[in-house]
Amino acid sequence: MTDVRHTADDLGVLSTLFRSEQGGHEQVVLCQDRDSGLKAVIAIHSTALGPALGGTRFHAYASDEEAVLDALNLARGMSYKNALAGLDHGGGKAVIIGDPDLIKSEELLLAYGRFVASLGGRYVTACDVGTYVADMDVVSRECQWATGRSPDNGGAGDSSVLTAFGVFQGMRASAQHLWGDPTLRGRRVGIAGVGKVGHHLVEHLLEDGAEVVITDVRQESIDRVQAKHPQVMAVPHTDALIRTEGLDIYAPCALGGALDDATVPVLTAKVVCGAANNQLAHPGVEKDIADRGILYAPDYVVNSGGVIQVADELHGFDFDRAKAKATKIFDTTLAIFDRAKADGIPPAAAADRLAEQRMAEARARGTV
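Notes on the structure follow. (Residues numbered from 1 in each chain as written. Predicted model: local features only at pLDDT ≥ 70, side-chain atom pairs only at ≥ 80, totals over all residues. Heavy atoms only, no water.)

## A look at helix H2 (residues 64-84)
Okay, so step 1: With 21 residues, H2 should cover 30 Å at 1.5 Å per step; its first-to-last C-alpha distance of 31 Å lies within 8% of that length.
Okay, so step 2: Within H2, 18 of the 21 residues are buried, which leaves it mostly tucked inside the rest of the structure.
Okay, so step 3: Downstream of H2 by one or two residues, Gly 86 has phi in the positive range, about 75 degrees. (Helix = DSSP H or I, 4+ residues; strand = E, 2+ residues; numbered from the N terminus. Expected span 1.5 Å × (residues − 1). Buried < 20%, exposed > 50% of the residue type's maximum accessible area, 1.4 Å probe, protein only.)

Written out as structure tokens, the structure reads:
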């Protein structure tokens, strides 16, 4: 969806929730367990299409208010993502406040699982930044509504596999729309962030014949990719990556806000298509991108492979079935580009309209 995130400085949490145009969330739960040190926020934006589904982010926020606002923004984004992924799920998201390297424990995750369980299935959780398959295995001991578990515990495993596959489908659709051929062969693709998702994306691109340039704040992530694929070039930071000459596609695959007033004017790529959530730093960035003639594949559309994977887990996971559904990201992305062209609007706005249409139709049928 078009990113219209607020900060704790420009809107209070309650104003965002109750009075902002971007509010309208159904439920926000503040969770605390003093014994384990758990402080968490669970935000449910919409259940128009079904139980809210979205991951748990574990992060050291600068303030509790920032954590709540992040949960609100992420939950709203999940409503749009799930709608366009064709899932019978609304949008929700949770954040656990704190540095996972310092405070994550079995006791804390079990306490968190009890809070998720208390919602009785209105919210289904999964992995996100700072949480992993092993963590969901622990959460699931207290809660039946935890997905992204290990195969040994009845789960689908690492959802980044299909997230990367879906982004690759979005890139193929972008290539089809812009160059008339759904292949990345001979194209130069720059990936910012080769962690959970990014390193899988490298594999898809190389197999398709693309030239890949990478960067990451963690040198070990770069080393892992180059040890396996010495032909992959690395640059020292994102600023260098986005200015790389001859770049066809830029793929932001780390944290959000990658497209802002500083980066958009210097982008050399003709396409932006990546796995990061909330790539648009503020309203209007999508128009700036379009005005420069750059094709933007909306993040919440192309990165939906992971949520498709964990949603399938609720029905007895079948990888081939989930991958087949993720393959449709290609068609959805093309449909968004066509709608954008027909309506004379940026692709991000076209994606929002399609998602809102599906949610409105569900509400009209009385699904809620």
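Structure shown, so let's carry the discussion forward.
## A word on the nonpolar core
Across soluble globular proteins, you tend to see nonpolar side chains buried next to one another.
Okay, so step 1: Ranked by size, the top nonpolar core spans 29 residues in total, and within it Met 171, Ile 191, Leu 201, Val 202, Leu 205 and Ile 214 carry the most contacts.
Okay, so step 2: For this core, the secondary structure elements donating two or more residues are helix H6 (160-179), strand E7 (188-192), helix H7 (198-207), strand E8 (211-215), helix H8 (219-228) and strand E10 (249-252).
Okay, so step 3: Non-local contacts of Val 202, meaning those with residues more than four positions away in its chain, are made with Ile 191, Val 194, Val 212, Ile 214, Val 225, His 229 and Val 232.
Okay, so step 4: With 24 residues, the next largest nonpolar core counts Ala 52, Phe 58, Ala 94 and Tyr 123 among its residues. (Core = buried A, V, L, I, M, F, W, Y, C linked by side-chain atoms within 4.5 Å. Contact = heavy atoms within 4.5 Å.)

## Digging into the sheet that holds E8
Okay, so step 1: One open sheet holds the six strands; their spatial order is E9-E8-E7-E10-E11-E12, and the pairing between them is parallel. Across the chains shown, the open sheet's two edge strands, defined by having one partner strand only, are strand E9 (233-234) and strand E12 (295-296).
Okay, so step 2: Pairing between E8 and E9: two bridges, direction parallel. Considered in E9, the bridge of Val 213 is made with Met 233. (Pairing = 2+ DSSP bridges.)

## Side note on empty space enclosed by the protein
Okay, so step 1: Inspection of the entire model under this criterion finds one cavity of 30 Å³ or more.
Okay, so step 2: When its volume is computed, the largest cavity comes out at roughly 80 Å³.
Okay, so step 3: Lining the largest cavity are 10 residues, and of these Leu 74, Gly 77, Met 78, Asn 277 and Asn 278 sit closest to its centre.
Okay, so step 4: Of all elements in the fold, only H2 and helix H11 (299-302) reach the threshold of two or more residues within the lining of the largest cavity.
Okay, so step 5: Of the residues assigned to the lining of the largest cavity, the class counts are four nonpolar, three polar and three charged. (1 Å grid on protein atoms, 1.4 Å probe; cavity = no way out; pocket = protein on both sides within 12 Å on 5 of 7 lines; lining within 4 Å. Points joined across faces, edges and corners; volume = space filled by probe spheres on them. Nonpolar A, V, L, I, M, F, W, Y, C, P; charged D, E, K, R; others polar.)

## So, the packing of aromatic side chains
Okay, so step 1: One pass over the full model with this rule turns up two aromatic pairs.
Okay, so step 2: On the numbers, 5.9 Å between centres and 80 degrees between planes, the contact of Tyr 80 with Tyr 300 is edge-to-face. Residue Tyr 80 is found in helix H2, and its partner Tyr 300 is found in helix H11; the two are separated by 220 residues along the sequence. Tyr 300 carries the same exposure label as Tyr 80, and that label is buried.
Okay, so step 3: Geometrically, the ring pair formed by Phe 317 and Phe 319 is edge-to-face, given 6.3 Å between the ring centres and 75 degrees between the ring planes.
Okay, so step 4: Using a relative accessible area of 25% as the deciding quantity, one classes Phe 317 as partly exposed. (Phe/Tyr/Trp six-rings, centres within 6.5 Å; stacked < 30°, edge-to-face > 60°.)

## Some words on the side chain of Asp 137
Okay, so step 1: Positionally, Asp 137 belongs in helix H5 (residues 133-139).
Okay, so step 2: At 5.8 Å, Arg 149 is the nearest oppositely charged side chain to Asp 137, a buried residue that forms no salt bridge.
Okay, so step 3: Once you skip the residues sitting within four places of it in the chain, Asp 137 turns out to touch Arg 149, Ser 150 and Asn 153. (Lys, Arg positive; Asp, Glu negative; His and termini not counted. Salt bridge = Lys/Arg side-chain N within 4 Å of Asp/Glu carboxyl O.)

## Notes on the environment of Glu 286
Okay, so step 1: As for its position among the elements, Glu 286 is in helix H10 (residues 285-291).
Okay, so step 2: Residue Glu 286 is classed as buried on the basis of its relative accessible area of 15%.
Okay, so step 3: In this structure the C-alpha to C-alpha distance between Glu 286 and Tyr 296, which are 10 residues apart in sequence, comes to 7.7 Å.

## Focus on the packing of H2 against helix H15 (residues 347-364)
Okay, so step 1: The interhelical angle for the contact between H2 and H15, taken along N-to-C directions, is 80 degrees, at an axis separation of 9 Å. Classified by the angle between their axes, H2 and H15 sit roughly perpendicular to one another. Note on element contacts: H15 touches H2 through Ala 351, Asp 352, Leu 354, Ala 355, Glu 356, Arg 358 and Met 359, opposite Ser 79, Tyr 80, Asn 82, Ala 83 and Leu 84.
Okay, so step 2: When its residues are assigned to classes, the contact of H2 with H15 shows seven nonpolar, two polar and three charged. (Axes fitted to C-alpha atoms, helices over the stretch in contact; angles between N-to-C directions. Parallel < 35°, antiparallel > 145°, perpendicular 65-115°, else oblique.)

## Looking at the environment of Gly 86
Okay, so step 1: Here Gly 86 is to be found in the loop between H2 and strand E5 (90-97).
Okay, so step 2: The residues touching Gly 86, leaving out its near neighbours within four places in the chain, are Lys 325 and Arg 358.

## Things to note about the pairing of E7
Okay, so step 1: Most of E7 is tucked away: four of the five residues are buried.
Okay, so step 2: In terms of strand pairing, E7 meets E8 through five bridges, oriented parallel. Note that in E8 the partner of Ala 192 across the bridge is Thr 215.
Okay, so step 3: Between E7 and its parallel partner E8, the chain crosses via H7, and the hand of that crossover is right-handed. (Right-handed = clockwise from strand over helix to strand, strands pointing away.)

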